[in-house]
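The lines below spell out each chain.
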Amino acid sequence: GLGLIGISPLLPLHQIMIGTLVASLIWLFLARTNYRAYLDALVDSLGSQRLDLSEETADFHDKSFENHLKQSLSTAADAEIPYLIDLLPTIGNIDWTPEFRILMARSNPTVKIAALQHLQENGDESDLPSVISLVSHEDPNVRCAAISAAASLGSIETVERIEGGLEDTDST
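A few points on the structure. Keep in mind that this is a model prediction, so the values were computed, not measured.

Conventions used here
Residues numbered from 1 in each chain as written. Predicted model: local features only at pLDDT ≥ 70, side-chain atom pairs only at ≥ 80, totals over all residues. Heavy atoms only, no water. Axes fitted to C-alpha atoms, helices over the stretch in contact; angles between N-to-C directions. Helix = DSSP H or I, 4+ residues; strand = E, 2+ residues; numbered from the N terminus. Parallel < 35°, antiparallel > 145°, perpendicular 65-115°, else oblique. Left-handed = near helix turned anticlockwise from the far one by under 90°. Contact = heavy atoms within 4.5 Å. Nonpolar A, V, L, I, M, F, W, Y, C, P; charged D, E, K, R; others polar. Phe/Tyr/Trp six-rings, centres within 6.5 Å; stacked < 30°, edge-to-face > 60°. Lys NZ or Arg CZ within 6 Å of the ring centre and 35° of its normal. Expected span 1.5 Å × (residues − 1). Buried < 20%, exposed > 50% of the residue type's maximum accessible area, 1.4 Å probe, protein only. Polar contact = N/O pair within 3.5 Å; in protein donor to acceptor, adjacent residues only side chain to side chain. Salt bridge = Lys/Arg side-chain N within 4 Å of Asp/Glu carboxyl O. Core = buried A, V, L, I, M, F, W, Y, C linked by side-chain atoms within 4.5 Å.

Comments concerning the packing of helix α6 (residues 109–122) against helix α8 (residues 140–153)
Helix-helix packing is characterised by the crossing angle of the two axes and by the distance between the axes. Across the interface, α6 lies against α8 with an axial gap of 9 Å and an inter-helix angle of 15 degrees. When the axis of α6 is compared with that of α8, the two are roughly parallel. Both α6 and α8 take part in a crossing whose hand is left-handed. Seen from α6, the contacting residues are Pro-109, Lys-112, Ile-113, Leu-116, Leu-119 and Gln-120; seen from α8, they are Asn-141, Val-142, Ala-145, Ala-146, Ser-148, Ala-149, Ser-152 and Leu-153. Per-class residue counts for the contact of α6 with α8 are 9 nonpolar, 4 polar and 1 charged.

Structural data, given as structure tokens:
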């Protein structure tokens, strides 16, 4: 601003405007380039499991990062899913319930349990059939999570439907 005031007696106004316009366009280009480089580095960190948003103080939300995370949840290996699930609460107010419904189809018991726990808190009655189907799962921890989720999501009739699972003899 002071530079513009100082040079205004020396140059015509239209030359100052053209110079300011060129400088503004260069600044916008560099800011956009910097933003893309930052976002690419962030996505690379997610892929290599180096990203830790637990100490981040700012509200973190970017639509392309959200889309990348949603895609990663559906394509990641079972061993990577717990890491991705740990990131979800740090990324603003996004409904991840559809992704957790898909994760329930995974074969890994740990992933199933995480999906059931999420649906217990955020699911609705439409989730009951898939939750109840896991009441007879071979893993006792999955059965326990399924019974808990079904009891939270359902009504008295639901408890009657899962009553057999309540008599589980497995000590775990």
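With respect to the packing of aromatic side chains
Scanning the model with the defined rule gives 0 aromatic pairs in all. The side chain of Lys-70 reaches across the aromatic face of Trp-96, ending 5.8 Å from its centre.

Details of α8
Helix length check: α8 (14 residues) gives 20 Å between terminal C-alpha atoms against 20 Å at 1.5 Å per residue, within 8%. Regarding α8, the residues found buried are Pro-140, Val-142, Arg-143, Ala-145, Ala-146, Ile-147, Ala-149, Ala-150 and Leu-153. Residue Asp-139 occupies the N-cap position of α8, its side-chain oxygen lying 2.7 Å from the main-chain nitrogen of Asn-141.

A word on the pattern of salt bridges
Inspection of the entire model under this criterion finds 3 salt bridges. Arg-101 is the partner of Asp-124 in a salt bridge, and the nearest nitrogen-oxygen pair spans 3.6 Å. Of this pair, Asp-124 sits in the loop between α6 and α7 (128–132) while Arg-101 sits in helix α5 (residues 97–103); the two residues are 23 residues apart in sequence, bridging distant segments of the chain. Residue classification places Asp-124 among the partly exposed positions, given a relative accessible area of 37%. Judged by relative accessible area, Arg-101 falls into the partly exposed class, the value being 32%. Measuring nitrogen to oxygen at the nearest pair gives 2.5 Å for the salt bridge that ties Arg-101 to Asp-127. Of the two residues, Arg-101 sits in helix α5 while Asp-127 sits in the loop between α6 and α7, which places them 26 residues apart along the sequence. Exposure remark for Asp-127: the relative accessible area of 3% places this residue in the buried category. Ionic contacts of the salt-bridge type, sharing partners, join the residues Arg-101, Asp-124 and Asp-127 into one network.

Focus: the nonpolar core
Ranked by size, the top nonpolar core spans 36 residues in total, and within it Leu-103 and Leu-116 carry the most contacts. Elements supplying a minimum of two residues to this core: α2 (13–47), α3 (63–75), α4 (81–87), α5, α6, α7 and α8. Per-element tally for this core: the top contributor is α8, with 7 residues. Beyond its immediate chain neighbours, meaning those up to four positions away, Leu-116 contacts Met-104, Val-131, Leu-134, Val-142, Ala-145, Ala-146 and Ala-149.

Thoughts on α6
Counted at 1.5 Å a residue, the expected span for α6 with its 14 residues is 20 Å, and the 20 Å between its end C-alpha atoms agrees. The complete set of buried residues in α6 reads Val-111, Lys-112, Ile-113, Ala-114, Ala-115, Leu-116, His-118 and Leu-119. Where α6 begins, the capping side chain belongs to Asn-108, and its oxygen is found 2.7 Å from the backbone nitrogen of Thr-110.

A word on the environment of Ser-133
The topology assignment puts Ser-133 in the loop between α7 and α8. Measuring from C-alpha to C-alpha, the distance between Ser-133 and Ala-150 comes to 9.9 Å, with 17 residues separating the pair along the chain. Within the structure, the side chain of Ser-133 is placed 2.6 Å from the backbone oxygen of Ser-130, a separation counted as a polar contact.

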